[in-house]
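Structure at a glance
The chain contents come next:
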Amino acid sequence: MRIAISTGGGDAPGLNAVIRAAVLSALHRGWDVLGIKRGYAGLLGEDEVVPLTRDAVRGIAHLGGTILRTTHRGDPFHYPTRRPDGALEEMDRSGEVIARARELGIDALITIGGDGSLRIAQQLVSRGMKIVGVPKTIDNDVSGTITTFGFDTAVNTAIEAIDKLHTTAESHDRVIVMEVMGRHAGFIALHAGVAGTADVILIPEIPFSMERVCDKIRARDRAGRHFSIVVAAEGAYEVGGTESVIGASLPGQEKRVGGVADRLARQIQEHTGKECRSIVLGHLQRGGMPTGYDRLLATRFGGAAVRAIADGKFGQMVALQSPNIVCIPLADALAEPKRVDPHHDIVMTARSTGISFGD
Ligand code: F6P
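You can see Leu 284 is positioned in the loop between β13 (276-280) and α8 (292-310). Assessed through its relative accessible area of 57%, Leu 284 is described here as exposed. For the pair Leu 284 and Ala 158, spaced 126 residues apart in the sequence, the C-alpha separation amounts to 8.8 Å.

Now the structure itself:
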C-alpha cells in the first residue's frame, strides 16, 4: 500500500503535526508514504515528490508552516500555465494529476486543505482518485467540524496583539483598529475580540454602521474611557456596502480581502475627532508554533485520516465532532461554508458585556 500526502491553500499552524501523525500511522501499518510538494503542483512537474520516512518527520510536530510547502494557486482544474508567448493562462490539467498519481503507484491521497483544496479533492474523487480530506484553515470556516487546526493559534496570536495594543492605546487616548484575517468569516475577530476584551468587534456576518461604531467610542469617552480597541475582521463591511478588496489577484488565485482597518481608522477619526491608528495583523496569524490545542487536534486528524484510508472512506473528510473525530462526506462539509451565527452565545455574551458590533 502506498499513500501520498499534500498540503494546499494558505498554511496553518499544525500542518506539520498532521503530516507527522499520518506518516507514522501509515508506517506503523507497513505502508509506504510519499509527500507531494506544493499541493498538486508536485504532480505537475513543478516541484517534487519525496519519500516521507520516519526521519523526514522527526521533530516537526511543533513547527509552523509545512515541510511539504503549499500554494494558493494549485487548482489543477484551473492551473496557471505559461503560454509560449509568456502570458499565463488557466488550464484544466486534472488529467495529468490523475495520470501522474497512477504512475507513482499512489493508492490513496491525504489532502490537507481548506474549502478550496477540499473542493478540488471532491472533483478528483469524482474522477476516480481515492482521497481523504483533512480540514485546515485559520479561518475556521469549514462546515461539519467544530474547529479546524490553526484557528486556535491564530486566535491566540490576535489576543496577544490586542493585549499589547490596549496599553499603548490607553497611554495615548487613541482608538486603534486592528484587522484580523478570516476571509468571509468573522470567527478570528469574534473569538479574539471577546477574549481580548475589545470594545468594538466587526464581522462580515453582522454588517456595521459607522455611526454606531462612533457612538460606542463617544460613549466610552463620556464615561472617562478615552481609548478604544476595534477588532475588525478583514471581510467586515458596512450595511449596504461590500468587502474591501486589495489589489488584483494573480492568475489562479482568489481575490484578496482586506483594507478595512485603514478605512475605518480614517473615518472614525473624521467622525469623532479622536486620534486613530490602524494595524493589519496579517500573516503573523498564520506563522509560528501551533498551540497545544492545535497540535493535538492536528495529530488526531493525521491518525484518523490513515484509519479512514484503511476503512476505504474515500471522498470523506475527518472532522471534530466533540469528543470524537469522525468522517463526513466532503459533499456535506462543502455544501455550505461555516459562518458565525449572529445569535451564538459568544455574540450574546459579548453584547451583554458591553461590546458593540456596530449594528
Ligand atoms: O484562508 C486563510 C487566509 O489567511 C485568509 O484568512 C486570508 O484572507 C488569506 O488566507 C490570505 O491569503 P494570502 O496568503 O494569499 O495572502
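A word on the pairing of strand β1 (residues 2-7). Both faces of the sheet carry side chains from a regular strand, because those side chains alternate between them. Burial of β1 is extensive: 5 of the 6 residues sit out of reach of the surface. As for the winding sense of the linkage, the β-α-β connection from β1 through helix α1 (residues 15-28) to strand β2 (residues 32-36) is right-handed. Strand direction decides the pairing type here: β1 and strand β6 (residues 108-113), joined by 5 bridges, are parallel. Bridge pairing in β6 links Ser 6 to Thr 111.

Averaged over the protein chain, the pLDDT score is 96; the fraction of residues at 70 or greater is 98%. Looking over the protein chain, one finds the lowest element-wise mean pLDDT in strand β4 (residues 79-82), namely 86, and the highest in strand β9 (residues 200-202), namely 99.

This next bit is on the pattern of salt bridges. With the rule as written, the count across this model stands at 20 salt bridges. When the shortest N-O distance is used, the salt bridge between Arg 183 and Asp 115 registers 3.1 Å. You can see Arg 183 sitting in the loop between β8 (175-180) and α5 (187-195) and its partner Asp 115 sitting in helix α3 (residues 115-126), a full 68 residues away along the chain. Judged by relative accessible area, Arg 183 falls into the buried class, the value being 18%. For Arg 220, the salt bridge is made with Asp 199, and the minimal N-O distance between the two is 2.9 Å. A residue pair is termed long-range when its members are at least 10 positions apart, and Arg 220 in helix α6 (residues 210-222) and Asp 199 in the loop between α5 and β9 qualify at 21 residues. Among the charged side chains, a network of salt bridges with common partners joins Asp 115, Asp 139, Asp 141 and Arg 183.

For the rest of this paragraph, the subject is the sheet that holds strand β10 (residues 228-233). The parallel open sheet is built from 4 strands, whose spatial order is β9-β10-β8-β13. Edge positions in the sheet fall to β9 and β13, since each has one partner strand and no second. In this sheet, neighbouring strand axes are inclined to one another by 15° on average, regardless of whether the strands run parallel or antiparallel. Strands in contact with α5 are β8, β9 and β10; relative to β9, the strand with the most contacts, it is inclined by about 170°. Packed onto the sheet, helix α7 (residues 260-272) meets β8, β9, β10 and β13 and runs at close to 175° relative to β13.

Attention now moves to the sheet that holds strand β15 (residues 324-329). With mixed pairing, 7 strands are arranged side by side in an open sheet as β3-β2-β1-β6-β7-β14-β15. The outermost strands of the open sheet, each flanked by one partner alone, are β3 (49-51) and β15. Taking the axes of each pair of neighbouring strands and ignoring which way they run, one obtains an average angle of 30° across the sheet. Pairing geometry for β2 and β3, over 3 bridges, is antiparallel. Within the sheet, the bridge partner assigned to Leu 34 lies in β3 and is Pro 51.

Moving on, we come to the packing of α1 against α8. Where α1 meets α8, the closest approach of the two axes is 7 Å, and the angle between their N-to-C directions is 35°. When the axes of α1 and α8 are compared, the crossing they make is right-handed. Between α1, through Ala 17, Val 18, Ala 21, Ala 22, Ser 25 and Ala 26, and α8, the contact on the second element is made entirely by Arg 295, Ala 298, Thr 299, Gly 302, Gly 303 and Val 306.

This part covers helix α2 (residues 94-103). Restricting attention to buried positions, one finds in α2 the residues Ser 94, Val 97, Ile 98 and Ala 101. Viewed along the axis of α2, the buried residues span an arc of 95°, placing them on a single side of the element. Buried residues in α2 make contact with α3. Residue Gly 105 follows α2 closely and has a positive phi angle near 70°.

This part is about the nonpolar core. In terms of nonpolar packing, the biggest core is built from 68 residues, with Ile 3, Ile 5, Ile 110, Ile 112, Val 134, Phe 149 and Phe 357 touching the most fellow members. The element that contributes the greatest number of residues to this core is helix α4 (residues 151-172), accounting for 9 residues. When residues no more than four places from it in sequence are discounted, the contact partners of Ile 3 are Ala 26, Trp 31, Asp 32, Val 33, Leu 34, Ala 108, Ile 110, Val 306 and Ile 309. Grouped together as the second largest cluster of nonpolar side chains are 28 residues, Tyr 40, Ala 41, Ile 328 and Ala 333 included.

Turning to the side chain of Asp 115, a few remarks are in order. A distance of 3.1 Å separates polar atoms of two side chains, one belonging to Asp 115 and the other to Arg 183. Ignoring anything within four residues of it in the chain, the contact list for Asp 115 reads Asp 141, Val 142, Arg 183 and Leu 334.

A few words on the state of the cysteines. By the definition in use, this model includes 0 disulfides. Considering cysteine sulfurs only, Cys 276 is the nearest to Cys 214, which forms no disulfide, with 8.1 Å between them. Among the residues examined, Cys 214 registers a relative accessible area of 0% and is labelled buried.

Conventions we followed
- Residues numbered from 1 in each chain as written.
- Predicted model: local features only at pLDDT ≥ 70, side-chain atom pairs only at ≥ 80, totals over all residues.
- Heavy atoms only, no water.
- Helix = DSSP H or I, 4+ residues; strand = E, 2+ residues; numbered from the N terminus.
- Buried < 20%, exposed > 50% of the residue type's maximum accessible area, 1.4 Å probe, protein only.
- Right-handed = clockwise from strand over helix to strand, strands pointing away.
- Pairing = 2+ DSSP bridges.
- pLDDT = per-residue confidence, 0-100.
- Salt bridge = Lys/Arg side-chain N within 4 Å of Asp/Glu carboxyl O.
- Axes fitted to C-alpha atoms, helices over the stretch in contact; angles between N-to-C directions.
- Contact = heavy atoms within 4.5 Å.
- Left-handed = near helix turned anticlockwise from the far one by under 90°.
- Arc of directions from axis to C-beta.
- Core = buried A, V, L, I, M, F, W, Y, C linked by side-chain atoms within 4.5 Å.
- Polar contact = N/O pair within 3.5 Å; in protein donor to acceptor, adjacent residues only side chain to side chain.
- Disulfide = S-S within 2.5 Å.

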